[in-house]
Amino acid sequence: MTADITASGLQEAGAVLAAESVRFASFGWMRGTSGNLSVVLSRDPLRLAVTASGHDKGELTAADVVLVDGQGTAVNGGRPSAEAELHARVAALTGAGAVVHVHTVASVAMGHRQPGGIVFKDLEMLKGVGQPAHDVEVTLPVIGNSQDMKVLGDRLEAARDPRMPAVVVAGHGLYAWGADPRQARHHTEVVEWLLELELTRR
Ligand SMILES: [Zn+2]
């Protein structure tokens, strides 16, 4: 194992990510084998535990996790999610300790409807992403999709609003992040709630 990350440390992270995955899958946000989760295990050098590619997210186990470096490349074998590189980029860029990526209907629908970004204001729920409930406009950026994680990362970096711990990828889904898996989950739930609300407005 690299740095100070032991096999049992990686397994522990895997157990946390598996529990989070089962929860998100139960919401219908990780249909099929879509979506992926990560948690930062070391900052310098950057190392993340990322969910393995191709698994049913409702059936994930502690072993279905891969250790990756700052480029999203597997450090000790295994096949990480194809989007591991973007998880690493988000962690490096934002200082987040955990990243959530889900394919939700509301994120795709709202990204299609408002490709320039989705503006929220005067909603109590904005407190859930650390913003005032009143008088402040907060924009959730929407970026174009790409199969090239470098391109996607560049778009995310350019569009990111530091006040909003999430980005919508058009025609694809939602990325959200937080200090740890629990906060990343809360941010995901809050942003998804905001998107579902906007979806009901005509
Ligand atoms: Zn995806």
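Parameters and conventions
- Residues numbered from 1 in each chain as written.
- Predicted model: local features only at pLDDT ≥ 70, side-chain atom pairs only at ≥ 80, totals over all residues.
- Heavy atoms only, no water.
- UniProt positions renumbered as here; feature names shortened; annotations may be inferred.
- Helix = DSSP H or I, 4+ residues; strand = E, 2+ residues; numbered from the N terminus.
- Contact = heavy atoms within 4.5 Å.
- Buried < 20%, exposed > 50% of the residue type's maximum accessible area, 1.4 Å probe, protein only.
- Polar contact = N/O pair within 3.5 Å; in protein donor to acceptor, adjacent residues only side chain to side chain.
- Donors = N, O, S within 2.8 Å, 3.2 Å for Na, K, Ca; no water.
- Tetrahedral: all angles 85-135°; square planar, octahedral: opposite > 155°, others 65-115°.
- Pairing = 2+ DSSP bridges.
- Axes fitted to C-alpha atoms, helices over the stretch in contact; angles between N-to-C directions.
- Core = buried A, V, L, I, M, F, W, Y, C linked by side-chain atoms within 4.5 Å.
- Phe/Tyr/Trp six-rings, centres within 6.5 Å; stacked < 30°, edge-to-face > 60°.

**Observations concerning the UniProt feature "binding site: Zn(2+)" (unreviewed entry) in the chain**
Then comes step 1: UniProt records the feature "binding site: Zn(2+)" (unreviewed entry) at His 101 and His 103, using the numbering of this structure.
Then comes step 2: Residue placement: His 101 occurs in strand 4 (residues 98-102).
Then comes step 3: Ignoring sequence-local partners within four residues, the contact set of His 101 consists of Met 30, Gly 35, Asn 36, Leu 37, Glu 83, His 87, His 172, Leu 174 and Tyr 175.

**Side note on the environment of Arg 113**
Then comes step 1: Structurally, Arg 113 is set in helix 3 (residues 105-113).
Then comes step 2: The class for Arg 113 is partly exposed, based on a relative accessible area of 35%.
Then comes step 3: The spatial distance from the C-alpha of Arg 113 to the C-alpha of Ala 170 is 9.7 Å, given a sequence separation of 57 residues.
Then comes step 4: Residues in contact with Arg 113, not counting those within four places in the same chain, are Glu 198, Leu 199, Arg 201 and Arg 202.
Then comes step 5: A polar contact of 3.1 Å, which involves the side chain of Arg 113, links it to the backbone oxygen of Arg 201.

**A word on the coordination of the zinc ion**
Then comes step 1: Bound to the zinc ion on the protein side are Glu 83 (OE), His 101 (NE2), His 103 (NE2) and His 172 (NE2), at distances that span 2.1 to 2.5 Å.
Then comes step 2: Note that the zinc ion binds 4 donor atoms; their angles at the metal cover 95 to 147°, and the shape is irregular.
Then comes step 3: In terms of primary sequence, the donors binding the zinc ion are separated according to E-x17-H-x1-H-x68-H. Of this pair, Glu 83 sits in the loop between strand 3 (65-68) and helix 2 (84-94) while His 172 sits in the loop between strand 8 (166-169) and strand 9 (173-178); the two residues are 89 residues apart in sequence, bridging distant segments of the chain.
Then comes step 4: Assessed through its relative accessible area of 13%, His 172 is described here as buried.

**So, the sheet that holds strand 9**
Then comes step 1: What the 7 strands build is an open sheet, ordered 3-2-1-4-9-8-7; its pairing is mixed. Strands at the two margins of the open sheet, each flanked by one partner only, are strand 3 and strand 7 (142-143).
Then comes step 2: Of the strands in this sheet, strand 7, strand 8 and strand 9 touch helix 3, which is tilted by about 110° from strand 9.

**A look at the nonpolar core**
As a rule of thumb, nonpolar side chains are buried together in soluble globular proteins.
Then comes step 1: Ile 118, Phe 120, Leu 140, Val 191 and Leu 195 are the most contacted members of the largest nonpolar core, which totals 35 residues.
Then comes step 2: Ranked by residues supplied to this core, first place goes to helix 5 (residues 181-200) with 5 residues.
Then comes step 3: Ignoring sequence-local partners within four residues, the contact set of Leu 140 consists of Gly 117, Ile 118, Phe 120, Met 164, Ala 166, Val 167, Val 168, Val 191 and Leu 195.
Then comes step 4: Listed in part, the 12 residues of the second largest apolar core include Leu 86, Val 99, Ile 143 and Met 149.

**Quick word on the packing of aromatic side chains**
Then comes step 1: Enumeration according to the criterion identifies 3 aromatic pairs in this entry.
Then comes step 2: Judged by centre distance (6.0 Å) and plane angle (25°), the ring pair of Phe 24 and Trp 29 falls under stacked.
Then comes step 3: When its relative accessible area of 1% is taken as the criterion, Phe 24 is described as buried.
Then comes step 4: Among the aromatic residues, those joined into a ring-pair cluster are Phe 24, Phe 27 and Trp 29.

**Side note on the environment of Ala 13**
Then comes step 1: Here Ala 13 lies in helix 1 (residues 7-26).
Then comes step 2: For the pair Ala 13 and Pro 181, spaced 168 residues apart in the sequence, the C-alpha separation amounts to 9.8 Å.
Then comes step 3: Filtering out sequence-adjacent residues up to four positions away, Ala 13 remains in contact with Val 39, Leu 41 and Ala 49.

**A few points about the environment of Leu 156**
Then comes step 1: In this structure, Leu 156 sits in helix 4 (residues 149-159).
Then comes step 2: The exposure class assigned to Leu 156 is buried, which follows from its relative accessible area of 0%.
Then comes step 3: Remark: the alpha-carbon pair of Leu 156 and Val 75, spanning 81 residues in sequence, is separated by 25 Å.
Then comes step 4: Sequence-distant contacts of Leu 156, that is, excluding residues within four places in its chain, are made with Leu 86, Val 90, Leu 93, Ile 143 and Val 167.

**Here's the deal with helix 2**
Residues three or four positions apart in an α-helix share a direction because the helix packs 3.6 residues into each turn.
Then comes step 1: Looking at helix 2, one finds that the buried residues are Ala 84, Leu 86, His 87, Ala 88, Val 90 and Ala 91.
Then comes step 2: The secondary structure elements touched by the buried residues of helix 2 are strand 1 (36-43), strand 2 (46-51), strand 3, strand 4, helix 4 and strand 9.
Then comes step 3: Of the residues one or two after helix 2, Gly 95 is the one with positive phi, at around 80°.

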